[in-house]
Every structure is written in C-alpha cells, then in structure tokens.
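Understanding the architecture of this molecule
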Amino acid sequence: MTSAFHTVRAKPSREVWLISGGRKCISGKKISPFLRAGVRTLLCGNMPSDQRHILRGKLWGFCILLPLISPLSCFTSQAKELIYKIREGLPRGTFIGAIGADLQLDFSVDPPLLFNQALKISQQYVNLNDTTGELYTSANAIDRETLCQGNQGPRDCSLSLDIFILPQQYFQLVKVRILVEDVNDNRPSFLSDEIQLFVPENAPVNSRFALEQSAVDPDAGINGVQTYWVVNDFEVFTLDVEESEGGELTPILIVTGPLDRETTDAYETSIIAEDGGTPPLLGTATLRIVVTDVNDNCPQFQEKQVNVTLYENTTKGSHLAHLHAHDPDLGANAQITYAYSERVPRDVRALFHLDKVTGVIKLSGKIDGSTAKFYKLTILANGPACIPAVAMVMVRIVKLSSGPPAVIPRYIALEKDGVVWLKESESASSPIAFFTVKNGAEQRQKVECHLEGEGPFRLAPYKLFTDEYLLETTEVLDYEQRQEYELTIVARNSHGMVIKTFIRIQVTDENDNAPIFKQAQLDLFVEENNSPNTFLAKLHATDEDSGIRGEVIYLLGSDAPSIFSLDRETGVLTVSTSLDREEQEKYRFTVRALDRGSPRQETAATVIITVVDRNDNSPRFINKDFTFFVPENFPGFGEIGVLSVTDADSGKNGWVALSIINGSDIFIIDTGKGALRAKMPLDREQQGTYFLWIEAVDGGEPSLSCITMVTVLLLDVNDNPPLVLFPQSNQSYMLVLPSTQPGTAITEVYAVDKDTGMNAVIAYSIIKRKGGEPGSFDIDPDTGNITLRKTLNDRGLYSLLVKVSDHGQPEPLHSMVLVNLFVNETISNESYIQSLLMREDEIEIEEAPLGRRTEGPGKDEVFPCRLMVMALSATSLGLLLLVVLLTTYICCKVKMHKHSKVPRKKEVNPEFQDVDRKLMEISNV
C-alpha cells in the first residue's frame with residue numbers, strides 16, 4: 001500500500017526557519033527581540049491560552065513569509081526531505097509513513113516533541129498525528145488525475161508538505177514529498193463514438209492513413225493507452241501504431257489489398273484501444289472506412305442504337321426517345337452530359353431537341369413536305385476526362401393522308417413530371433392510369449392499343465368501352481428487387497399509324513423487411529478467467545430497406561445475463577466480468593436487431609457462449625487426509641483403501657494421476673481407481689503404522705497438483721503365542737525350604753506376547769503336577785506368581801506344568817513351561833537333582849522349546865493322550881476284523897461235515913480250542 005521512506009536527504013533550503021539561542025541572522029541582521037521574545041514566550045512562557053493562539057498564528061505567518069521577504073537568508077541550518085510513495089485511491093486511515101521514526105528522533109525528551117503542518121491545504125488528503133509524526137490518508141481519496149492534471153509521467157505527481165518539529169530547542173523544518181503512484185482506474189475512451197476515415201479507391205497497397213481521433217486515457221505510464229487493434233480487417237486493412245517524440249500513440253490504417261468503390265463503398269468495424277494495466281481496460285469506437293471515388297469509369301450507353309418511327313402529323317413537343325448512359329462513379333465523376341456529334345447538321349439539331357441532362361429527344365419543329373424521310377442522329381455521352389460513349393438514333397418519318405390516333409392519359413396514382421410513384425405495399429391489380437384512345441379523321445378506323453416494357457403491369461380494355469384502357473399492376477411490387485420501370489403505350493390504327501406514350505414508374509420504399517442476422521445461431525468460445533470487458537464478437541444484421549428504414553440497432557434479449565453488454569450501434573458484444581467454467585460452462589441468450597422504420601421490424605438470433613476450460617483448479621482429495629485400518633498378514637496386492645480425488649476442470653485438465661511420494665517400495669496405487677495396495681503381506685509386529693504421502697497431478701499445461709497424507713494402521717491378528725521369558729528352561733529348578741510358610745510367594749512365570757489388545761492378555765494355569773503332595777502350590781492366573789498353598793511335608797522334586805495362554809480370537813494360542821521346585825534344606829547332591837530332571841519317562845513330558853507355538857489346547861502337549869487313544873482304536877479295529885474272518889472260516893467247516901456219508905465221531909480240533917480261547921480273551925478285553 002505504501003512504500004516507506006528509506007533515504008533521508010539533507011540539502012540547504014531557503015525555507016528553513018531555525019531558532020536556537022537567537023543568534024541567527026537575516027539579511028545580515030540579528031533576529032529582532034520581538035521575534036525572539038515571542039518564540040520563547042510561546043514555547044516556554046506562562047501566557048494565557050487565547051494570547052498564545054494569537055501569537056502562534058503570527059509566528060507561523062512569519063515562518064511562511066520569511067523566505068520571500070528575506071532572499072539573502074544566512075541560516076546555516078539544513079532541511080531534511082522525506083519521500084514516501086502511495087497509490088491513488090487508498091481508503092481513509094491508510095498508513096503513509098512515520099516522520100519521527102524515519103528521522104530517528106528521540107521521543108523520550110521532555111518536553112515531548114510536537115509535529116505541525118505549516119499549510120493546512122494538504123489536510124484534505126493527509127492527516128498528521130501531532131505527537132507521533134505519523135501520516136495517514138484522510139477521508140478524501142487521492143485521485144491522481146485530479147491532483148495532477150496534465151502530468152502524464154508515472155512519477156510526475158506528488159504532494160508536498162512542510163512539517164515543523166517543535167518545541168523550540170528541537171525545532172526542525174522537514175520537507176515531505178508524497179509521490180502518488182497511478183493505478184489503472186480509467187479505461188481508454190475515444191472523443192467520438194464513430195470515427196470516419198476517407199480512403200481513395202486507388203490507394204496503393206501499403207498506403208498509410210493516420211486516425212487523428214486517437215483514444216485518451218487519464219492514467220499514466222503503462223496504465224495509459226498501449227496499443228490499438230480492429231475487430232475485422234476485411235483482409236484489405238491492417239492497423240499499426242506510431243509513437244511520437246512525446247510518447248503519444250497514433251493508430252495508423254494500412255491498406256493491404258486493392259479497393260474498389262464500385263464493389264464496396266464503405267467498411268465498418270470496431271477499433272479497440274487497450275491500456276497496459278492488469279487486467280487491461282478497453283475502449284471502443286466504431287471505425288467507418290469510406291472508400292472515396294476516383295474517376296476510374298466512363299459512361300456507357302445501355303442501347304447502342306434506337307429506332308424511332310415518326311409520322312408527319314406528329315405534334316411539336318412529342319417525346320421521341322430517352323437515351324440512358326450509366327457511369328458507376330459517384331458525384332462529379334459520374335456526371336453525364338448528352339450532346340449531338342459534330343456530324344449532325346444544325347437544322348437537324350433544331351428539329352430534334354436533345355436534353356443534355358436527361359438524354360430525352362423531343363420533336364421541336366414541324367414536319368412538312370420538305371422534311372426528309374430519314375434522319376441519323378449521333379448522340380454522345382460525355383463524362384469527366386473520358387472518351388465519349390456513342391449511340392445512334394434512327395428516325396424514320398412516315399407521310400400519311402390521315403392523322404395517327406391520339407392517346408389521352410388520366411392518372412389514378414400519384415404522378416409528377418411524367419413520373420408515376422407507386423408504393424411497394426400496393427396490392428396486385430392496383431390501378432395506375434386510364435388511357436383514352438381517339439382515332440384521327442377517320443373515326444371508323446380500328447385502333448389497336450398494347451403495352452411495351454418489362455414489369456408486373458398490364459394494359460387491357462376497361463369493361464365494355466372499346467376506347468378506354470386501364471393500366472394496372474399484376475402483382476405486388478418490391479422496391480428491393482427493382483425501383484424503376486419504363487413503359488410505353490403503343491396505339492396503332494389500320495393504316496399502320498402508330499403513336500407512343502412513355503410512362504416512367506418509380507417504386508417507393510416502405511419498411512417491409514426485418515433485419516436479418518447472418519447466422520440464426522452464433523456459437524462463441526471464450527477461455528475462462530478472461531479479462532473484464534473482453535470482446536466476444538461483432539454481431540451483424542442487414543436490412544434490405546433503404547434510408548433510415550434500413551438502419552439497424554442491436555439489443556440484448558430479456559434472457560441475457562447482466563454480465564454481457566451489447567453496443568446498440570456497432571453490435572459489439574462484450575463480457576464485463578471474468579468467467580469461470582466451473583461455475584457455469586454455457587450461456588445461452590437471445591439478441592435482437594431492430595430497424596428504425598415505422599412500424600419497427602425486428603428479428604432475433606441465439607447466442608451460445610461456451611466457456612473453454614483452463615487448468616485453473618488443482619486436484620482435490622475428498623478428505624484432508626486418509627486413515628485406513630487393515631489386518632496384518634493382509635494378502636499382497638489386496639485393496640487397502642480407495643483415495644477419492646476430484647478436479648473441477650474438464651478434459652485433460654481434469655484427468656488426475658496418483659503417485660506415492662514415499663514408500664513406493666512397499667505400496668502401489670492404482671492411478672485410475674485410486675486403490676492403495678501393498679506389494680506383500682504386512683506384519684504389525686515389524687511395523688504397525690505407515691505414513692504415506694500421495695500426490696495427485698492433473699494433465700493440464702502446466703500441471704497442478706496437491707498432496708495428502710495416508711495413514712495405514714495394521715490391526716493385530718493373534719499370530720504370536722506367548723513367549724516365556726522365565727523360567728528360561730524346563731531343566732531349571734528352584735530350592736524351596738520345607739519350613740516355608742503357606743502363602744509365601746515362591747517364584748513366578750513371566751511371559752510376553754508380541755500381539756496387542758486381547759491377543760496379548762496372558763493367563764497362567766497349572767495343568768499337570770508331578771511329585772510331592774498334590775495341591776501344594778498355586779499360580780496367580782493374571783500375574784503368574786506361584787505361591788505355597790500348604791505346609792510342605794515331603795521333600796524332593798515338585799514339577800508343575802504351567803500353561804501360558806493368551807485371550808486371542810477366534811482361537812487362543814498358548815505355550816507350556818515346566819516349573820521345577822526342589823524341596824529340601826540344602827542342595828547336597830546337585831547331580832542327583834539333574835538326574836531327576838532328565839528322567840523324562842517318569843515325569844512323562846516331551847521336551848520342546850519354550851514359547852513354542854501350538855494351535856490349541858491338547859495339541860502337541862507334553863503328555864500325548866491323543867496318541868494313546870489312536871493306538872487303542874487301531875488295535876480294536878484289527879481284532880474285530882480277525883473275529884469276522886474266524887467266524888466265516890468255522891461256518892464253512894460245518895457245512896462240509898453235514899454232507900459227509902460216513903458219520904464219524906466228533907473230534908475237538910485243537911485249532912478251534914485256540915480260537916475259542918482267543919475269543920474269550922477279546923471279549924474280556
């Protein structure tokens with residue numbers, strides 16, 4: 001907002017007024033006693049307050065006038081100058097600078113320092129704190145263009161202050177200069193809404209034409225006008241900018257292609273002046289390039305030869321022919337004069353009058369017997385600096401015994417000077433004129449009357465009257481198709497006598513055409529984040545009507561958002577604010593084109609504006625961070641969690657790729673789905689928490705990104721049995737004295753579990769005892785402390801098989817340990833004790849490493865009960881099979897004895913006796 005002062009400059013100044021001891025001189029004289037006394041009284045004396053104010057005012061006035069009345073001041077003190085920078089338009093109370101702090105003044109002095117402005121004029125812009133010396137902006141915002149009118153330099157505008165530092169002993173005059181920096185708060189503007197530039201049609205390529213009506217911008221420096229451009233160059237123009245020595249820019253129109261006024265007589269576009277602010281501001285005016293005519297065309301006759309038949313009784317002043325020559329040029333270059341060639345004799349010229357302006361030939365004399373039968377008239381059409389065009393009029397005079405018929409017109413439509421005016425809105429069959437045909441001397445001669453000429457007209461007898469003819473239209477006229485018609489009423493009698501009456505019909509225009517847009521739907525594309533007042537398009541509608549009826553103005557439809565504006569004269573469509581595709585991608589509204597006729601005609605077109613995406617949005621994760629819980633030993637490449645990320649942009653700008661910044665050797669992430677996976681099973685006991693940084697990068701140019709943190713917490717699985725740390729071996733033992741009292745803590749079993757939670761909660765129990773009296777020792781299920789339960793009467797080795805189990809789910813794990821207690825007064829024979837510990841067959845245990853993992857209770861225990869059951873089952877099945885075989889064998893022998901013919905005395909077979917004995921043994925078993 002402000003640029004604090006960093007350099008204090010000291011320089012001699014005639015405006016310094018410094019009083020210190022009263023010995024300074026003015027014009028070689030000492031300071032007057034009045035002044036010295038007045039200052040001392042003001043600063044140090046006991047003067048009443050009202051008198052003090054009066055004296056203070058006199059002293060301030062003296063301070064101001066002192067440099068003027070004393071040009072030879074001999075003050076040797078120096079004034080200090082402070083320079084601050086601020087921007088124009090700052091609000092009230094904005095800090096500008098601290099004079100005391102920048103001068104490094106000591107505020108601890110007594111009496112305290114006071115700061116005063118010598119002139120109060122600057123207070124409308126700046127407020128001064130009289131105790132701290134701090135400067136602030138006042139209620140009136142500083143407008144650089146108002147404060148420094150005419151100063152166009154970026155550093156040419158400043159506000160100067162004179163600050164007095166009091167009291168007397170610390171007096172200083174400080175010059176403060178506040179540089180007011182320009183901001184881009186004014187847009188360029190043209191002095192006229194329409195600029196006309198005249199360019200001759202024969203201007204060569206690369207011709208340059210200056211636009212004197214350049215734009216003005218009150219802002220200075222880079223915020224002033226920097227460039228010009230046109231909306232449409234029509235491929236025959238371009239715009240350049242020339243800078244004068246004073247830095248003023250003038251737009252220059254350069255012709256880049258051939259011009260032809262007869263093809264296009266004017267070009268209309270918009271000229272844009274753009275300043276250099278951020279964002280830039282634009283000024284618009286209509287540029288109308290008028291192609292002026294040069295005499296590059298000569299007159300040409302529409303008909304090179306005209307044949308005219310003239311009867312000898314033709315009356316003087318009769319219309320014989322109307323010659324037409326055309327010159328495409330304009331104004332004086334298109335003026336055509338008609339004249340006879342020098343080959344036409346004077347008497348012929350007198351007989352046939354030629355109007356030099358209209359080209360109409362009339363009979364100006366009387367035809368009699370001396371008149372020739374044939375005349376050849378050579379007519380010239382003259383244009384400026386042109387070779388005359390030549391046409392021939394062949395006049396044949398027919399001598400008759402009786403006169404030709406006469407045609408008397410009576411006009412119904414508006415007629416003036418032989419021109420009939422018809423509105424294009426007239427309906428078909430609109431009457432134009434009545435023509436009464438009268439024969440000559442011989443009234444009984446038959447007269448034929450017909451119409452010659454092109455156009456939607458007809459001449460027909462009116463009802464039952466044979467000598468009345470009605471001229472009327474056959475269809476509606478259209479001014480836009482044709483504006484003028486020439487008709488001839490031809491009457492011929494039976495003698496071949498012909499009379500011709502010429503009629504010129506002029507069609508008048510009416511407002512019967514509505515403006516037409518080139519496109520009924522205009523599709524526009526604009527990038528988002530555009531600058532305010534961005535040019536979008538120049539709408540163009542045409543109206544075939546003439547004059548004011550064909551002038552078009554442009555209006556926005558009622559459905560158009562307020563952010564769009566349309567110049568009613570030029571049709572330039574702009575948007576006043578910056579567009580955001582993420583807020584709204586399409587705008588659809590109507591525009592109207594109205595003419596200035598009465599009643600007004602209008603048409604509408606649809607404008608569809610598509611806001612093109614720019615990569616202005618970074619990817620965003622739906623959460624600030626992510627936390628995933630996954631059980632340990634989770635299968636490798638299993639889905640741990642999904643990271644959802646969005647990007648408000650579209651297309652490639654909204655395509656997002658995910659990557660792992662750290663931990664990519666363990667984890668991978670699916671770019672498309674955002675699924676996080678581990679390459680291998682994870683073990684919580686090795687590492688329970690993983691912190692990953694995931695980056696999301698979009699596909700824009702340049703790309704944008706964001707980062708989130710992912711925390712992977714491994715949930716414990718009961719995959720570790722308790723580990724017994726004490727006793728360390730099944731062969732270790734402890735001496736217990738027989739005199740130990742019941743309730744005494746003997747020893748403890750200490751185990752740990754690597755798991756957590758309930759999986760690590762350990763319970764202790766004695767599942768097998770060997771030696772001594774049963775129930776002599778107890779174990780605490782929670783702590784593993786082993787205490788004496790009753791008095792020890794037996795000496796010897798007590799073996800306790802302790803089961804250490806966790807509380808894991810779905811199935812707890814456990815370990816076994818053998819606690820050996822030797823009850824005796826002393827250990828006299830240690831080898832004997834070791835032999836007792838080594839006798840595994842007597843204590844019926846299987847040696848296994850302490851802390852060995854088991855799958856459940858009873859499996860791989862020290863005492864193998866399950867193996868005994870399996871052995872007994874196998875033996876029983878074997879014996880049962882043997883009984884079945886012996887029974888089968890006995891039955892077969894009995895059948896053989898029944899079929900024997902010679903009965904014999906039964907003898908007991910010793911083999912059967914053995915079988916019976918075995919069966920009895922089996923049954924006993």
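The structure contained in this document is the topic of the report that follows. Small disclaimer: the values here were computed from a predicted structure and weren't measured.

Thoughts on the overall build of the protein chain
- For the protein chain, the helix and strand inventory stands at nine helices and 63 strands.
- Burial status across the protein chain gives 40% buried among its 925 residues.
- Across the protein chain, contacts joining residues at least 24 apart in sequence account for 67% of those joining residues at least 6 apart.

Brief notes about the environment of Tyr-764
- Looking at where Tyr-764 falls in the secondary structure, it is placed in strand E59 (residues 762–770).
- Take Tyr-764: its relative accessible area is 7%, and that puts it in the buried class.
- Remark: the alpha-carbon pair of Tyr-764 and Val-749, spanning 15 residues in sequence, is separated by 8.0 Å.
- Sequence-distant contacts of Tyr-764, that is, excluding residues within four places in its chain, are made with Val-749, Tyr-750, Ala-751, Ile-779, Asp-780, Pro-781, Asp-782, Thr-783, Gly-784, Lys-803 and Val-804.

Re the nonpolar core
- The biggest cluster of nonpolar side chains holds 28 residues, and the ones touching the most others in it are Phe-301, Phe-352, Ile-361, Leu-377, Ile-379, Val-393 and Val-395.
- Elements represented by at least two residues in this core include exactly strand E20 (305–311), strand E21 (319–322), strand E23 (337–340), helix H5 (346–351), strand E24 (352–354), strand E25 (360–363), strand E26 (374–382) and strand E27 (389–398).
- Top element by residues in this core is E27. It accounts for five residues.
- Sequence-distant contacts of Ile-361, defined by excluding residues within four places in its chain, comprise Ser-318, His-319, Leu-320, Ala-321, Leu-323, Tyr-340, Phe-352, His-353, Leu-354, Ile-379 and Val-393.
- The next biggest cluster of nonpolar side chains, apart from the first, holds 25 residues, and it includes Phe-209, Ala-215, Ala-273 and Ile-289.

Here's the deal with the sheet that holds strand E63 (residues 814–823)
- In space, the four strands of this open sheet follow the order E56-E63-E62-E59, with mixed pairing throughout. Every interior strand has two partners, whereas the edge strands, strand E56 (733–736) and E59, have only one. Within this sheet the neighbouring strands show an average axis-to-axis angle of 30°, counted without direction.
- Pairing of E59 with strand E62 (residues 796–806), which is carried by eight bridges, proceeds in the antiparallel orientation. In the sheet register, Tyr-764 faces E62, and the bridge partner there is Val-804.
- Here helix H6 (residues 830–838) sits on the sheet in contact with E56, E62 and E63, set at roughly 125° to E56.

A look at H6
- Those residues of H6 that fall on the buried side of the exposure criterion are Ile-833, Leu-836 and Leu-837. Taken down its axis, H6 places every buried residue within 100° of arc, on the same side. In H6, the exposed positions that point more than 90 degrees away from the buried face belong to Ser-831 and Met-838.

Remarks on a nonpolar patch on the surface
- Together, Leu-723, Leu-725, Phe-726, Tyr-750 and Val-752 make up an exposed nonpolar region whose accessible area comes to about 400 Å².
- Within the residue set of the nonpolar patch, elements represented by two or more residues are strand E55 (723–726) and strand E58 (750–752).
- With three residues, the single largest contributor to the nonpolar patch is E55.
- Counting through the fold element by element, Tyr-750 comes out in strand E58.
- Of the residues examined, Tyr-750 reaches a relative accessible area of 41% and is grouped as partly exposed.

Some details on the pairing of E25
- Relative to E25, E21 is paired through three bridges, and the arrangement is antiparallel. Note on E25: the bridge partner recorded for Ala-321 is Ile-361.
- Note that E24 and E25 share three bridges and pair antiparallel. Pairing of Phe-352 across the sheet is with Leu-363, part of E25.
- In sequence, E24 turns back onto E25 through a hairpin of five residues, with Gly-359 there showing a positive phi of about 80°.

Examining the state of the cysteines
- Across all of its chains, the model carries two disulfides by this definition.
- A disulfide bridge connects Cys-148 with Cys-157, and the sulfur atoms are separated by 2.0 Å. Every disulfide takes its handedness from the sign of the S-S torsion; for Cys-148 and Cys-157 that torsion is 70°, giving right-handed. Across the pair, exposure class does not vary: Cys-148 and Cys-157 are buried alike.
- Between Cys-298 and Cys-386 runs a disulfide, and the two sulfur atoms are separated by 2.3 Å.

Topic: the sheet that holds E27
- Read across the sheet, four strands follow the order E20-E27-E26-E23 without closing on themselves; strand pairing throughout is mixed. Each edge of the open sheet is held by one strand with a lone partner, namely E20 and E23. Within the sheet, the average angular offset between the axes of one strand and its neighbour, ignoring direction, is 25°.
- In terms of strand pairing, E20 meets E27 through seven bridges, oriented parallel. Opposite Gln-305, over in E27, you have Met-392 as the bridge partner.

Some points on unusual backbone geometry
- Cis rather than trans, the peptide bond between Leu-166 and Pro-167 has omega equal to 5°.
- As for its placement among the helices and strands, Pro-167 is situated in the loop between strand E10 (158–166) and strand E11 (172–181).
- For the bond running from Thr-278 to Pro-279, omega is -5°, close enough to zero to count as cis.
- With respect to the element layout, Pro-279 can be found in the loop between strand E17 (266–275) and strand E18 (282–292).
- Despite not being glycine, Ala-385 has its phi angle at roughly 55°, a positive value.
- Mapped onto the fold, Ala-385 is located in the loop between E26 and E27.

A look at the pairing of strand E38 (residues 521–527)
- Residue alternation in E38 divides its side chains into a buried set, Leu-522, Leu-524 and Val-526, and an unburied set, Gln-521, Asp-523, Phe-525 and Glu-527.
- Sheet topology places E38 next to strand E45 (residues 602–612); seven bridges connect them, and they run parallel. Of the residues in E45, the one forming a bridge with Asp-523 is Ile-608.

Some details on the packing of aromatic side chains
- The final tally for this structure, using the stated rule, is 18 aromatic pairs.
- Both rings, one in Phe-190 and one in Tyr-228, keep their centres 6.2 Å apart while their planes meet at 55°; by these two values the pair is tilted. With a gap of 38 residues between them, Phe-190 in the loop between E11 and strand E12 (194–200) and Tyr-228 in strand E14 (residues 225–230) connect regions that are remote in the sequence.
- We classify Phe-190 as buried; its relative accessible area is 10%.
- Residue class for Tyr-228 comes out buried when judged on its relative accessible area of 4%.
- With centroids separated by 6.3 Å and ring planes inclined at 80°, the aromatic side chains of Trp-229 and Phe-535 adopt a geometry described as edge-to-face. Taken together, the residues Trp-229 in strand E14 and Phe-535 in strand E39 (residues 534–538) connect sequence positions 306 residues apart.
- Note on Trp-229: relative accessible area 29%, which makes it partly exposed.

Conventions adopted
- Residues numbered from 1 in each chain as written.
- Predicted model: local features only at pLDDT ≥ 70, side-chain atom pairs only at ≥ 80, totals over all residues.
- Heavy atoms only, no water.
- Helix = DSSP H or I, 4+ residues; strand = E, 2+ residues; numbered from the N terminus.
- Buried < 20%, exposed > 50% of the residue type's maximum accessible area, 1.4 Å probe, protein only.
- Contact = heavy atoms within 4.5 Å.
- Core = buried A, V, L, I, M, F, W, Y, C linked by side-chain atoms within 4.5 Å.
- Pairing = 2+ DSSP bridges.
- Axes fitted to C-alpha atoms, helices over the stretch in contact; angles between N-to-C directions.
- Arc of directions from axis to C-beta.
- Patch = residues over 30% accessible without salt bridge, like charges linked within 9 Å, V, L, I, M, F, W, Y side chains within 5 Å.
- Areas by Shrake-Rupley, 256 points an atom, 1.4 Å probe, with all protein chains shown as cover.
- Salt bridge = Lys/Arg side-chain N within 4 Å of Asp/Glu carboxyl O.
- Disulfide = S-S within 2.5 Å.
- Phe/Tyr/Trp six-rings, centres within 6.5 Å; stacked < 30°, edge-to-face > 60°.

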